[in-house]
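Structure assessment
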Amino acid sequence: MLRSPSGAGPEIWCRCDGGPHGFLSIAAHGHADALAVEVRHDGVEVLVDPGTYCYHGEPEWRSYFRSTRAHNTVEVDRLDQSVEGGPFLWRTRAATVVDQVDTTDPDDQRWVARHDGYARLEHPVGHERSVRLDSSARRLSIVDRLSSTGAHDVALRFHLGPLVDVRLDAGAARLSWTDPSGDQQATLELPGDLEWSTHSGEVDPPLGWHSPASASGCPPRRSWAAERSTAPRP
């Protein structure tokens with residue numbers, strides 16, 4: 001957890017996922033979300049985890065909510081970081097290593113981690129992510145480093161909370177929402193060498209959905225704005 005200090009204005013809260021993939025030997029309840037982040041501002045979800053939605057009855061939706069593309073992390077070659085083997089099983093599991101956690105200075109906090117989920121590819125890919133919270137500047141920075149000897153397709157997605165509006169503008173996403181502190185705005189600076197677009201409530205394939213609670217039937221699913229970028233294979 002990276003959190004702005006008390007008394008420094010509305011809280012900026014960031015959860016960085018460097019934990020193990022799922023529970024025990026079968027990785028039950030695991031999601032392919034290594035190095036994903038969640039961000040809240042004064043309690044409002046800005047970058048959000050998609051949730052679970054359902055366990056049984058809708059395998060496509062079960063797979064989507066567990067997939068890499070449904071989380072705030074990097075996807076390579078349209079593949080999940082870990083390969084699922086059923087609604088509660090995984091055939092492969094990305095192993096994550098947290099290399100640095102430094103929260104000693106509340107105004108300058110850092111987290112660095114990496115995973116090996118794409119080491120199974122013909123040309124293996126390593127993914128390292130560093131996150132820095134500069135509380136005094138009220139700035140959160142995310143830097144991804146991908147290493148490989150071959151060419152790959154890459155997608156980087158930022159899934160926005162249901163209260164956040166988004167507008168793409170010349171290499172940036174302009175975000176706006178209302179929280180207990182009032183009307184808020186933020187700028188998400190986007191890598192210029194990627195092609196960016198917005199998605200919300202799409203079904204083929206699923207993209208741009210949020211499930212605030214698990215469901216046992218087929219209730220209407222709540223949609224929300226999602227940002228997505230792809231880099232064509234060189």
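Residues numbered from 1 in each chain as written. Predicted model: local features only at pLDDT ≥ 70, side-chain atom pairs only at ≥ 80, totals over all residues. Heavy atoms only, no water.

Judged by nonpolar contacts, the single largest core of 32 residues is most densely connected at Leu2, Cys14, Cys16, Trp111, Val131 and Leu175. Looking at this core, the elements with two or more residues in it are strand 2 (12-16), strand 3 (37-41), strand 4 (44-47), strand 5 (74-76), strand 9 (108-115), strand 10 (126-134), strand 12 (154-159) and strand 14 (172-179). Apart from residues lying up to four places away in sequence, Leu2 is in contact with Ile12, Trp13, Cys14, Cys16, Thr103, Gln109, Arg110, Trp111, Val131 and Leu133. In terms of nonpolar packing, the next biggest core, distinct from the first, is built from eight residues, Trp61, Phe65, Ala70 and Trp209 among them. (Core = buried A, V, L, I, M, F, W, Y, C linked by side-chain atoms within 4.5 Å. Buried < 20%, exposed > 50% of the residue type's maximum accessible area, 1.4 Å probe, protein only. Helix = DSSP H or I, 4+ residues; strand = E, 2+ residues; numbered from the N terminus. Contact = heavy atoms within 4.5 Å.)

The subject of this paragraph is the pattern of salt bridges. The tally for this structure, following the rule as stated, stands at 13 salt bridges. Residue Glu38 pairs with Arg15 through a salt bridge whose shortest N-O separation is 2.4 Å. With Glu38 in strand 3 and Arg15 in strand 2, the pair connects residues that are 23 residues apart, well separated along the chain. One salt bridge in this structure joins Glu75 and Arg157, with 3.2 Å as the shortest N-O distance. One end of the pair, Glu75, is in strand 5; the other, Arg157, is in strand 12, with 82 residues separating them in the sequence. Judged by relative accessible area, Glu75 falls into the buried class, the value being 5%. By relative accessible area, which is 3% here, Arg157 ends up buried. One continuous salt-bridge network, built from bridges that share partners, spans Asp108, Arg110 and Arg132. (Salt bridge = Lys/Arg side-chain N within 4 Å of Asp/Glu carboxyl O.)

Let's shift gears to the side chain of Asp33. Looking at where Asp33 falls in the secondary structure, it is placed in the loop between strand 2 and strand 3. Despite its burial, Asp33 pairs with no opposite charge; the closest candidate is Arg15, at 5.1 Å N-O. In this structure, Asp33 is in contact with Asp17, Asp49, His71 and Gln81, ignoring residues within four places of it in sequence. (Lys, Arg positive; Asp, Glu negative; His and termini not counted.)

Take the pairing of strand 3 next. Among the five residues that make up strand 3, four are buried, leaving the element largely enclosed by the rest of the structure. Both strand 2 and strand 3 contribute to a ladder of five bridges, which runs antiparallel. The residue bridging Arg15 from the neighbouring strand is Glu38, located in strand 3. Pairing of strand 3 with strand 4 involves three bridges; the strand directions are antiparallel. Across the sheet, residue Val39 finds its bridge partner in strand 4, namely Leu47. The antiparallel pairing of strand 3 with strand 4 creates a hairpin that spans two residues between the two strands, and Asp42 there sits at a positive phi of about 55°. (Pairing = 2+ DSSP bridges.)

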